[in-house]
Amino acid sequence: MSISARGRVGVWLAGLVACAIVVARSDYGADLAAFLPSSPSPVQRFLVGELREGVASRLALIGIEGAAETVLAGASRAMLERLRGDEAFAYATNGAGDSLRADGRFLLRNRYLLSPDVAPERFSVAGIRAGLERQLDLLGSPAGMLVGDLIARDPTGEMLGLADRLQGAGHGPDKREGVWFSADGRRALLVAQTRAPGFDIDAQERALGRIRAAFADAARESGATAAKLVVTGPGVFAVESRAGIKRDALRFSLLGTVLVAGILLLVYRSLPVLGLTLVPVASGALAGIAAVSLAFGSVHGVTIGFGATLIGESVDYAIYLFTNTAPGSRPQAALQRIWPTLRLGMLTSAFGFGAMLFSGFPGLAQLGLFSIAGLVVAVYVTRWVLPGLVPRDYHVRVVAGLGPALVRLLAAARRLRPAVGLLAVAAVALLALKGPTVWDDELSSLSPVPLSVQRLDQQMRADLGAPDIGPMVIVSGRTQQEALEAAEQVGAALAALQGRGVLEGYDSPAFYLPSEAAQRRRQQAIPPAPALRANLAQAAAGLPFRAGTFAPFLEDAQAAAAQAPVTDRDLAGTGIALKLQALLGQRGGAWHATLPLRGVRDADAVREALAAFGDSAVLLDMKRELDGLYHGYRLRALGFALLGALAIAVLLGLALRSARRSADVLAPLVAAVLVTAALLVAVGTRLNIFHLVALLLVVGVGSNYTLFFERGSPGAADPGRTATSVLFCNLATVAGFGVLGFASTPVLGAIGTTVAIGALLSLAFAVVLAAAPVQARATAG
């Protein structure tokens, strides 16, 4: 080994150590929002922020099933007791009376500041008289017990009005044995809110572990040993998805390595050389992870799983080197012949992966950087390090007769050119016939959560009476108070629309926490004690109430007139706080209030009413907005993919210096992309952004085959070695990507399947359309 070779090995080893240090210190996560588009507008940023850290992301929906109702109810109570004592949870409830007492006490104590009906006329003689008569009528109804307990403190009926308003038009969960149950009575239900935001998956995982531990203890205590726990919610999905990503990353990377190693062992029949072949792969993987960690601050689990793609492609470089090293020659001589083609193939692949950097998806950008850094390092390790490590006088013993057989196949394959043309035309026709339906622009299609789990979540939400995600109004303000005041103003307009039948109803954070200005107006509406006492006496005249019955009312009213305004801190420990947090939050330095709408019959009328508020009030449908956001980024990614393909074409044109030769290289790739897309669509797959990126990778990967067939290995004595090297490279690539097709993680599954099919077709079409120079050299030989 020469000194210069030793120096290169030393630099390589030093680089590996540096990368290993970075990798060891890196943070690894699986935040699913990494595969949501970056958000360009404030409203879209708010929506994505809600998905990552809003109160909805902190909710865990808990079910206990598999036992009798009484047993399930006992387990529910025992489990709730444990969750309430756990600091990981800000709130937990199962609908039991004691779990709602905090809400009742809060509403009763602050009813005059919270009730929107509080106005001067409410405390007039006529107003008090109407309230008393209304409550007398209710005494004979099912609500009579509640009215009887409250009438002395609340003759105007503020508590009943608040209860009606807070319940809205929806319905709560069924109650059996005093706790929440599903409609069929088979599942006891609880809701818990974690203190940690949804994007903190480590904290969500710990919380899920505590939920399971609380269930285990509660089941033992209540004798519900046969009961089963089910938990859903965004945090649970994030935890289980991360676990799935880790399983996929480990399982399929190992499987891909084993398959590729098996192919290489079949080719080389030497364990040491097999190990050397994987040197560029390992070097590229370390460099890729280190580059992502340094650029992004953390490494996504999917990025690790994507390492199988490096196994499938970067191993090609060593295969080209070893297979083209003829008996009696040195690897350096083979590298001199194939290096221009090898380098150009690496560049086309890097250009293909480069489109991922501009996809608008942080997760895909990580995959792009990982792949580019890995391929660059892998090809240069092959160029400068690997030749010095190869045993002296080693050469690949190609299976007898394989090379000549492949050359004969190349000669015969030219006759299939019309068939490839027909396939490409048929693919274009099918894609044109399908039109826009080829693309799946629903963001839910990217979810790694199994459909069965999604259906369970929908069922539990329906049982809990949670409203479906639909149209909503978003209002903004610089401060919390500005947002609440804006919500009250918009709410007045929505109430008018509700009166006209434009919508069935709406919710608002101002229902749970009125602005301080609104609370002060309500305090000012309460008359001084003498005036209120006189009005009460006149209003109660002739009604069946004893003297002094309403002394608590007089005391409460005067206390309310003097109390400090209610703030969000006063709601701590109540279910009302949970509702408020779901509708009021701070994002990007501004406060946003969400007003969900029910039963919208005329969206245009709503927009027309909101026009008076300018940009401070926006009507949107969350699902439609997110799907539209994804659609926009899919179009953006398509544009960058086309630019990437154009960059590859320009690169090939500059390198080959011939439009005809460039066309020979590109034709098989274009045909492979079209036929791959058509095959996926034909079997019922709707393409998403991951398939789009994968199709561009087909161009990058497949260009290696077309380049070697079009350019060959100049000066090679045996053209059959070129064909053999390309064949084994293709097998390794198809194996490396193909195993990913079985992954449950959508990004890995879509990219793996698409690239495996596309790489196979790229080789087949390259044989038919771009193998003339190899055939010519074989004939000349």
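Every value quoted in this text rests on a predicted model; they were computed, and no experiment measured them. (Residues numbered from 1 in each chain as written. Predicted model: local features only at pLDDT ≥ 70, side-chain atom pairs only at ≥ 80, totals over all residues. Heavy atoms only, no water.)

Asker: How do you make sense of unusual backbone geometry when you look at a structure like this?
Answerer: Glycine aside, a negative phi is what most residues show, and trans is what most peptide bonds show. Residues other than glycine seldom take positive phi values, yet Glu 177 does so here, at roughly 55 degrees. Along the chain, Glu 177 turns up in the loop between strand E4 (174–176) and strand E5 (179–181). Here Glu 177 falls in the partly exposed class, since its relative accessible area comes to 40%. Phi is positive for Arg 657, which is not a glycine, with a value near 55 degrees. Looking at where Arg 657 falls in the secondary structure, it is placed in the loop between helix H28 (622–656) and helix H29 (659–682). (Helix = DSSP H or I, 4+ residues; strand = E, 2+ residues; numbered from the N terminus. Buried < 20%, exposed > 50% of the residue type's maximum accessible area, 1.4 Å probe, protein only.)

Asker: Any chance you could explain a nonpolar patch on the surface here in plain terms?
Answerer: Side chains of Leu 643, Leu 646, Val 650 and Leu 654 sit close together on the surface and give an oily, nonpolar patch of about 400 Å² of accessible area. Here Leu 643 lies in helix H28. (Patch = residues over 30% accessible without salt bridge, like charges linked within 9 Å, V, L, I, M, F, W, Y side chains within 5 Å. Areas by Shrake-Rupley, 256 points an atom, 1.4 Å probe, with all protein chains shown as cover. Salt bridge = Lys/Arg side-chain N within 4 Å of Asp/Glu carboxyl O.)

Asker: In this structure, what is going on with the pattern of salt bridges? I would like to understand it.
Answerer: Side chains carrying opposite charge are able to pair once their charged atoms draw close together. Considering all chains together, one arrives at 17 salt bridges under this definition. One continuous salt-bridge network, built from bridges that share partners, spans Arg 111, Arg 153, Asp 154 and Asp 556.

Asker: Where do I start with the packing of helix H19 (residues 417–434) against helix H32 (residues 746–769) in this structure?
Answerer: Axis angle and axis distance: for two packed helices, these are the angle between their axes and the distance between the axes, and together they describe the pair. One can describe the packing of H19 onto H32 by two numbers: an axis separation of 9 Å at closest approach and a directional angle of 135 degrees. One element, H19, and the other, H32, form an angle in the oblique class. The element H19 and its partner H32 pack so that their crossing is left-handed. Along the contact surface, H19 presents Arg 417, Val 420 and Leu 423, while H32 presents Phe 765, Val 768 and Leu 769. Residues that form the contact of H19 with H32 fall into these classes: five nonpolar, no polar and one charged. (Axes fitted to C-alpha atoms, helices over the stretch in contact; angles between N-to-C directions. Parallel < 35°, antiparallel > 145°, perpendicular 65-115°, else oblique. Left-handed = near helix turned anticlockwise from the far one by under 90°. Contact = heavy atoms within 4.5 Å. Nonpolar A, V, L, I, M, F, W, Y, C, P; charged D, E, K, R; others polar.)

Asker: I would appreciate a short explanation of the packing of helix H3 (residues 69–84) against helix H9 (residues 201–222) in the present structure.
Answerer: Put simply, H3 and H9 touch, their axes get as near as 8 Å, and they point 135 degrees apart. As the angle between them shows, H3 and H9 are arranged oblique. Here the hand of the crossing between H3 and H9 comes out right-handed. Taken together, the residues of H9 that come into contact with H3 (itself represented by Val 71, Gly 74, Ala 75, Ala 78, Met 79, Arg 82 and Leu 83) are Ile 211, Ala 214, Phe 215, Asp 217, Ala 218, Glu 221 and Ser 222. Considering only residue class, the contact of H3 with H9 consists of nine nonpolar, two polar and three charged.

Asker: What exactly am I supposed to notice about the nonpolar core here?
Answerer: Nonpolar side chains in soluble globular proteins tend to end up buried together. Core analysis: the largest hydrophobic core is formed by 109 residues, its most contacted members being Phe 322, Leu 342, Leu 364, Tyr 705 and Ile 751. By residue number, the principal contributor to this core is helix H30 (residues 689–711), which donates 15 residues. One finds Val 118, Ile 526, Leu 536 and Leu 595 within the second-largest nonpolar core, a separate group that totals 57 residues. (Core = buried A, V, L, I, M, F, W, Y, C linked by side-chain atoms within 4.5 Å.)

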